[in-house]
Structures are given as C-alpha cells and as structure tokens.
Amino acid sequence: MNESTSAAPARRSDTTRRAILEAARERFAADGYERATIRAIAQQAKIDPSMVMRYYGNKEGLFAAAVAIDLELPDPSSLPRDEAGRALVTHFLHQWEENEVLTALLRVGVTNDAGAERMRGIFNDQLLPLARRVCPDPEQAPARAALVSSQLLGLALTRYVLRFPPAVHLRREEITAWLAPTVQHYLTAPHPGA
C-alpha cells in the first residue's frame, strides 16, 4: 500500500472526528446534556449516527471528548504573587469569551452529574495546583481554590449562560477591577480564622 492511500483514510477519520466534536459541543451548549441526542449530533455533523458510536462509544464518551479542556492557566512561577488574582480574572474572561466549550460545559454542569463531575475534575486538576503554588498555606489550597472557583463560575454563569443584562454590559476592565481584589484575597490573604 502506498503512503498516499493510507493517509487518505486517516485524514477522513480526523475530519469526521472534528465534525462530530464540533457538532457535539454546539448541541451540548444549546440543548444541555440530557436533551442533546446522538441522532441530532450526527445530523448536524452530516454523518450516520453509527459513526458517532464507532468513534466515541456512547453519549458519555462523546461528552468527555467534546469537553476536554486545557484552561491554559498562567504559570504561577511567572507571576508576582500579588498579581495572581488579576491574572486569573483576566485569563478566565478571555477563556470564557473565546472558548465556547467552557460555556457548554458550564451549562451541562449545572444540570447533569456527568457535566458537574467533568467541571470538578478540570478545576481540581488545573486550578488547585495553581492555588497550592500561590497561597500561603498549601493545606488551605483546596478551600481557596473553591472560593476562587465560586467567583469565576458565578461570573460565567451570570454573564455567559443566564446573561443577566448588567453582567453582560460590564466591560472586561470593569469586571477585572471588581473581581481581581476578591480573587487575590481568596488566594493570598491570611486565613480569617487565624
């Protein structure tokens, strides 16, 4: 078999996978996990539903693949400790506005256990290590990361999912000015019970 013949099926396979994942992200974002169907995803991707099952096994496998996210958090060793809050808020605003997968995951996460578990895993694997590097006591990192998450997810929920008009109309600079001190406090302030 020559090289061009073997490369063609691989390219078609990659194209099909991308089409499925793109359609899945859109359907999960628009319909939520429960209402999104393999049939609707396949129809949007312009393929047979059996192909979705072939590549991803089932709806849970497809969801996990569709919402695989690297938050691309800033390296805490490259940040001055007293600017971590501002850097996180700025970074997350950019992520929420540029990455529709995060919005889809948030929508699904508030209504479905699998989505909530996926969201917890992402924040546990990616935000918690940053909190451990920045906070004054690594044992407090899980609580501090949870508090940071409450601010960032609360903003995302009100601005990008529920679309509260006052939250939608805030400029990014205003949001950063309001939230960065709170996130910074959660990350680096002395424990209030100390």
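Look above for the structure.
Cut-off values and rules
- Residues numbered from 1 in each chain as written.
- Predicted model: local features only at pLDDT ≥ 70, side-chain atom pairs only at ≥ 80, totals over all residues.
- Heavy atoms only, no water.
- Helix = DSSP H or I, 4+ residues; strand = E, 2+ residues; numbered from the N terminus.
- Contact = heavy atoms within 4.5 Å.
- Core = buried A, V, L, I, M, F, W, Y, C linked by side-chain atoms within 4.5 Å.
- Buried < 20%, exposed > 50% of the residue type's maximum accessible area, 1.4 Å probe, protein only.
- Axes fitted to C-alpha atoms, helices over the stretch in contact; angles between N-to-C directions.
- Parallel < 35°, antiparallel > 145°, perpendicular 65-115°, else oblique.
- Left-handed = near helix turned anticlockwise from the far one by under 90°.
- Phe/Tyr/Trp six-rings, centres within 6.5 Å; stacked < 30°, edge-to-face > 60°.
- Lys NZ or Arg CZ within 6 Å of the ring centre and 35° of its normal.

J.: Even after reading the chapter, I still don't get the environment of R107, so can you show me in this structure?
T.: Checked against the element boundaries, R107 lands in helix α6 (residues 100-109). For the pair formed by R107 and P190, sequence separation is 83 residues and the distance between their alpha carbons is 34 Å. In this structure R107 touches A29, Y160 and V161, once residues within four positions along its chain are discounted.

J.: Quick question: what am I supposed to make of the nonpolar core here?
T.: In globular proteins that are soluble, nonpolar side chains generally tend to be buried together. Counting 54 residues, the largest nonpolar core has I20, F28, L62, L88, V89, F92 and L187 as the members making the most contacts within it. With near-sequence residues (within four places) excluded, V89 lies in contact with L152, I175, T176, L179, A180 and V183.

J.: Would you mind showing me how to read the environment of G109 here?
T.: Tracing the backbone through its elements, the reader meets G109 in helix α6. Distance in space between the C-alpha atoms of G109 and A24 is 15 Å, their sequence separation being 85 residues. Apart from residues lying up to four places away in sequence, G109 is in contact with G115 and A116.

J.: What is the right way to look at the packing of helix α8 (residues 141-161) against helix α10 (residues 172-188) in this model?
T.: When two helices pack together, their arrangement is captured by the angle between the axes and the distance separating the axes. Where α8 contacts α10, the axes come no closer than 8 Å and their chain directions differ by 160°. One element, α8, and the other, α10, form an angle in the roughly antiparallel class. Here α8 and α10 pass one another in a crossing that is right-handed. Facing α8, whose interface residues are R144, L147, V148, Q151, L155 and R159, α10 presents R172, I175, L179, T182, V183, H185, Y186, L187 and T188.

J.: For this particular structure, what's the right way to read the packing of α6 against α8?
T.: Taken N-terminus to C-terminus, the directions of α6 and α8 make an angle of 100°; their axes are 11 Å apart at the nearest point. When the axis of α6 is compared with that of α8, the two are roughly perpendicular. Residues T103, L106 and R107 of α6 form the contact with α8, whose participating residues are L153, A156, L157, Y160 and V161.

J.: Help me understand unusual backbone geometry, please; the structure alone is not making it clear to me.
T.: For residues other than glycine, phi is negative in most cases, and the peptide bonds are mostly trans. One non-glycine residue, E72, lies in the positive phi region at around 50°. In this fold, E72 is placed in the loop between α4 (59-66) and α5 (84-98).

J.: What is the right way to read the packing of aromatic side chains from this model?
T.: The relative placement of two aromatic rings is captured by the distance of their centres and the angle of their planes. Tallied over the full model, the rule gives six aromatic pairs. With centroids separated by 5.8 Å and ring planes inclined at 10°, the aromatic side chains of F28 and Y33 adopt a geometry described as stacked. When sorted by exposure, F28 lands in the same class as Y33, which is buried. Taking NZ or CZ as reference, R17 lies 5.9 Å from the ring centre of Y56, over its face. It is R54 that lies over the ring of Y55; its NZ or CZ is 5.3 Å from the centre.

Read these as spatial facts, not as claims about activity.
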